[in-house]
Amino acid sequence: EVSRHVNELDARVTHTTELLSTLVGKMDRNSTDWMSIFAIALKANNEIYSIYVGRPDDNFYQVINLQSSEQVRLKIGAIPEDRWVVIMVAGKGKNRIKKTIFLNDQFKIRKIKPEISNYFPTQRPWYNNSSTTQVKKTDPYLFQILKIPGQTFSIKVENTGVVVGVDVLLSTLSGKLRSALDGYNTEAFLFRPTGEILASNAIVKIESPLPVLEPIQFTPQEQLLIDNTLSLKVSNQNAWGPIDYSV
C-alpha cells in the first residue's frame, strides 16, 4: 500500500513535468508570465509545492502553491487570503533583483516584495542535470527559498536551454505514509539506499529551544587572537547519513 502511494505520486509528478515542458516549448521562449498554465497544473496536483522555469540567461520564474503545505504558508509569510506566490529573479550584479509577489485566488496582487538576489538557476543541480529526453529527479536537498527539504523533477525544453522544474516536499511523502497507515499502531520510515530518511509517519520534534547562555568573558590575549583569526563556520544537520540522529 505504501509503495503504491509513493510510486503513484512519482508517476504523477513525472507526467506533469513532461506535459509542462511541452506547453512551455510551444510558448514564446522570452515569456515572463507562466502563471496561467502553472496554476492549472498546481490546482490539479496539490502535492506539488511549486513549478518554475529557469532560463540560460539566469532569469527565473516560479509559482508556489500555498495550499501544498501549511508549513509553506508560515515559512514564506503569507496571510490566509493569499493563494499563490510568484517569485521572479532577473538582472545582473547589484541589479539582480528577486520579486516575491503575493496573490489571492483570483490572481489579484496583494503585495510585492523586492530584494537583492544571488540566486542563479543555471548553477543549480536541477538545471545542470536536466535532459531533453527524460525527467530527472534530484536527491533530496533544502529548497533555496524556504530552507525546507524536498526533491525536484526537471526536464529541459528542446532547442531552448529552458528548464522546467517541479518541486515536491518530503513532508508530502510523510503525509502519504500517514494516510496509508491510518488506523495502524505502527511507525514507518522511507529510506534511501544510503540510509537517509526521506519520509515517516512518525511525528518527531526535531527542534528544541536553545538554552540561554551568558557571554563568554575572554582575556585580552584571547580576544586579540579571535580578532586576528579568520571566521569559522559551524553548522549542524539533522539527516547526516547513514543514520538520522534526530529520530
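Residues numbered from 1 in each chain as written. Predicted model: local features only at pLDDT ≥ 70, side-chain atom pairs only at ≥ 80, totals over all residues. Heavy atoms only, no water.

A few words now on the overall build of the protein chain. A count of helices and strands for the protein chain gives 6 helices and 11 strands. Looking at the protein chain residue by residue over its 247 residues, the buried ones come to 40%. Intrachain contacts of the protein chain at a sequence separation of at least 6 include 46% that bridge at least 24 residues. Entry remark: accessible area of the protein chain is about 15300 Å², with carbon and sulfur atoms responsible for 54%. (Helix = DSSP H or I, 4+ residues; strand = E, 2+ residues; numbered from the N terminus. Buried < 20%, exposed > 50% of the residue type's maximum accessible area, 1.4 Å probe, protein only. Contact = heavy atoms within 4.5 Å. Areas by Shrake-Rupley, 256 points an atom, 1.4 Å probe, with all protein chains shown as cover.)

A residue-level look at the protein chain finds 81% of positions with pLDDT of 70 or above and a mean pLDDT of 83. Mean pLDDT in the protein chain bottoms out at strand 11 (residues 197–200), which sits at 68, and peaks at strand 4 (residues 97–103), which reaches 95. (pLDDT = per-residue confidence, 0-100.)

A few words now on the pattern of salt bridges. Enumeration according to the criterion identifies 6 salt bridges in this entry. The partner of D82 in a salt bridge is R110, and the shortest N-O contact between them spans 2.9 Å. Of the two residues, D82 sits in the loop between helix 3 (70–76) and strand 3 (84–90) while R110 sits in strand 5 (residues 109–116), which places them 28 residues apart along the sequence. Given the relative accessible area of 3%, D82 is considered buried. Note that K98 is salt-bridged to E115, the shortest N-O span being 3.6 Å. Here K98, found in strand 4, pairs with E115, found in strand 5; they are 17 residues apart in sequence, far enough to count as distant. Residue classification places E115 among the partly exposed positions, given a relative accessible area of 31%. (Salt bridge = Lys/Arg side-chain N within 4 Å of Asp/Glu carboxyl O.)

All right, on to the pairing of strand 4 then. Side-chain direction in a regular strand flips from residue to residue, so the side chains alternate between the two faces of the sheet. With respect to burial, strand 4 is a largely interior element, 5 of its 7 residues being buried. Between strand 3 and strand 4, which pair antiparallel one after the other, the connecting turn spans 6 residues, and G91 there sits at a positive phi close to 105°. Note: strand 4 against strand 5, 7 bridges, orientation antiparallel. When the bridges of strand 5 are listed, T100 appears paired with K113. (Pairing = 2+ DSSP bridges.)

In total, this model carries 1 cavity of 30 Å³ or more according to the counting rule given. Reported here for the largest cavity is a volume of approximately 120 Å³. Every residue lining the largest cavity is listed: Y49, Y52, F60, Q62, Y119, R124, W126, Y141, F143, Q144, I145 and D167. Breaking the lining of the largest cavity down by element, the ones donating at least two residues are strand 1 (48–54) and strand 2 (60–65). A breakdown of the residues in the lining of the largest cavity according to their chemical character gives 8 nonpolar, 2 polar and 2 charged. (1 Å grid on protein atoms, 1.4 Å probe; cavity = no way out; pocket = protein on both sides within 12 Å on 5 of 7 lines; lining within 4 Å. Points joined across faces, edges and corners; volume = space filled by probe spheres on them. Nonpolar A, V, L, I, M, F, W, Y, C, P; charged D, E, K, R; others polar.)

Looking now at the packing of aromatic side chains. Counted according to the given criterion, the structure contains 10 aromatic pairs. For the ring pair Y52 and W126, a centre distance of 4.8 Å and an interplane angle of 65° mean the geometry is edge-to-face. Here Y52 is found in strand 1, whereas its partner W126 is found in helix 4 (residues 125–128), with 74 residues between them in sequence. Overall, Y52 belongs to the buried group, its relative accessible area being 2%. These aromatic residues form a ring-pair network of at least three members: Y52, F60, Y119, W126 and Y127. In this arrangement the basic side chain of R83 is found over the ring face of W84, its NZ or CZ atom lying 4.0 Å from the centre. Stacked on the ring of F102, the Lys or Arg R110 has its end atom at 5.1 Å from the ring centre. (Phe/Tyr/Trp six-rings, centres within 6.5 Å; stacked < 30°, edge-to-face > 60°. Lys NZ or Arg CZ within 6 Å of the ring centre and 35° of its normal.)

For F107, which is not glycine, the phi dihedral falls at a positive 65°. Here F107 shows up in the loop between strand 4 and strand 5. Taking relative accessible area as the criterion, F107 reaches 36% and is therefore assigned partly exposed. At N159, a residue that is not glycine, the phi angle is positive and equals roughly 65°. Assignment of secondary structure puts N159 in the loop between strand 8 (149–156) and strand 9 (163–169). On the basis of relative accessibility, which here comes to 69%, the residue N159 falls in the exposed class.

Together, I216, F218 and I226 make up a nonpolar patch on the protein surface, roughly 300 Å² of accessible area in all. Within the element layout of this structure, I216 appears in the loop between strand 11 and helix 6 (220–227). (Patch = residues over 30% accessible without salt bridge, like charges linked within 9 Å, V, L, I, M, F, W, Y side chains within 5 Å.)

Our next topic: the side chain of N45. Within the secondary structure layout, N45 lies in the loop between helix 2 (35–44) and strand 1. Taking relative accessible area as the criterion, N45 reaches 11% and is therefore assigned buried. Beyond its immediate chain neighbours, meaning those up to four positions away, N45 contacts R12, T16 and N65.

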